[in-house]
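# Report on the structure
Next come the chains, spelled out residue by residue.
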Amino acid sequence: MSFVSVERLEKTYGDTPIFSDINFTISRGEFITLLGPSGCGKSTLLRCIAGLTSVDSGNILLDGQNLVPLSPQKRDIGMVFQSYALFPNMSVEQNVAFGLRMHKVKSQEIQQRVADVLRLVELQDFASRYPHQLSGGQCQRVALARSLVTRPRLLLLDEPLSALDARIRKHLREQIRQIQQELGLTTIFVTHDQEEALTMSDRIFLMNKGQIVQSGDAQSVYTAPKDAFAAGFIGNYNLLDTEQASRLLQRPIAARLAIRPESISLSLSGEQEGEIRSHSLLGNVIRYRVQARGVDLVVDVLNRSASDLLPNGQRVSLSIDPEALCEVA
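Residues numbered from 1 in each chain as written. Predicted model: local features only at pLDDT ≥ 70, side-chain atom pairs only at ≥ 80, totals over all residues. Heavy atoms only, no water.

Turning our attention to the overall build of the protein. Scanning the protein for helices and strands turns up nine helices and 18 strands. Once the C-alpha set of the protein is aligned to its principal axes, its extents read approximately 75 × 45 × 35 Å. Here the protein holds 329 residues, and 46% of them are scored as buried. Long-range contacts, defined here as pairs at least 24 residues apart, represent 65% of the contacts in the protein between residues at least 6 apart. Carbon and sulfur atoms make up 46% of the accessible area of the protein, which amounts to about 16,100 Å² in all. Positive and negative side-chain charges of the protein, numbering 35 and 36 respectively, have mean locations separated by a distance of 6 Å. (Helix = DSSP H or I, 4+ residues; strand = E, 2+ residues; numbered from the N terminus. Buried < 20%, exposed > 50% of the residue type's maximum accessible area, 1.4 Å probe, protein only. Contact = heavy atoms within 4.5 Å. Areas by Shrake-Rupley, 256 points an atom, 1.4 Å probe, with all protein chains shown as cover. Lys, Arg positive; Asp, Glu negative; His and termini not counted. Charge placed at Lys NZ, Arg CZ, Asp CG, Glu CD.)

Here it is in structure tokens:
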């Protein structure tokens, strides 16, 4: 039996449909990411599950219980937002304990549970500090601890890392994933960042215009996009129409193709049908823009040393992994 089941969920604001006929199931302990562009309905869907936004129709089942008739307080769900929403006049310890005090938990148990969860998020030495004395990453960990301390059946994370700088974001996403696995906590995470989705998720639900257009583990969603939107959003695919694909591959191609940049190899030997037009250094990857047989391509090559860099105007031959050619709708 699925731990979370969403059935035929619909939501409209006025005459504007946000999403319709949303259906999915989640197993206990899974980490699911709702991935998609702004305005696709992912955050509204999360708020509907939390009970912060009403649904027009459909069911949301958590461990067999229909949540739709229940108020947010009775759903036993923890939620972390992009904005930390901490009480500025309360210390870290008081912020984390707030939900337990509202549930009339005994003081001794509150003290123990708060201490335990602060150790879990590595903030045990910051219990007496106030939000203005913390960094953004520390504030977000307090917000996470506040949700975890109530021991929710389901944890919802609404773009909690998007306001943080890249280094802190990377560290915190690793920490969130580690804590989620350690606790076996069923989690739904919302982001528009493909790297976060690919590195954190057991499964990804890719959303566009109020629909889940593709779902699966990170490997399958990345390597086998179902359509041009998925290929364009989940990676830096080269999207070729039938004419471009036929010209590039020198044989008739009857479908649109998506080709991953890293599946194309460059060489200075053989038939040099391509030319380097520009390049960008992306740390451990060099991203080239290459024109070959009148087709513009993005090619990603591992940056091994400075001597590997090919100059603009360099003629090159291309080799494309045939298994990486993906037909898309």
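Moving on, we come to the packing of aromatic side chains. Scanning the entire structure with this criterion turns up five aromatic pairs. Seen from their ring centres, F229 and F233 are 5.7 Å apart, and the 20 degrees between their planes marks the pair as stacked. You can see F229 and its partner F233 sitting in helix α8 (residues 228-234), four residues apart, about one turn around the helix. (Phe/Tyr/Trp six-rings, centres within 6.5 Å; stacked < 30°, edge-to-face > 60°.)

Our focus in this paragraph is the packing of helix α2 (residues 92-102) against helix α4 (residues 136-148). Viewed as axis vectors pointing N to C, α2 and α4 meet at an angle of 30 degrees, and their least axial separation amounts to 7 Å. The angle between the axes of α2 and α4 places the two elements in the roughly parallel class. Considering how the two elements wind past one another, α2 and α4 form a crossing that is right-handed. Contacts from V92, N95 and V96 in α2 reach V142, A145 and R146 in α4. (Axes fitted to C-alpha atoms, helices over the stretch in contact; angles between N-to-C directions. Parallel < 35°, antiparallel > 145°, perpendicular 65-115°, else oblique. Left-handed = near helix turned anticlockwise from the far one by under 90°.)

Once that is clear, we can look at helix α9 (residues 242-249). Every buried residue of α9 is accounted for by A245, L248 and L249. Taken down its axis, α9 places every buried residue within 85 degrees of arc, on the same side. N-cap assignment for α9: the residue whose side-chain oxygen lies 3.2 Å from the backbone N of E243 is D241. Q250 occupies a position one or two residues after α9 and carries a positive phi of about 60 degrees. (Arc of directions from axis to C-beta. Polar contact = N/O pair within 3.5 Å; in protein donor to acceptor, adjacent residues only side chain to side chain.)

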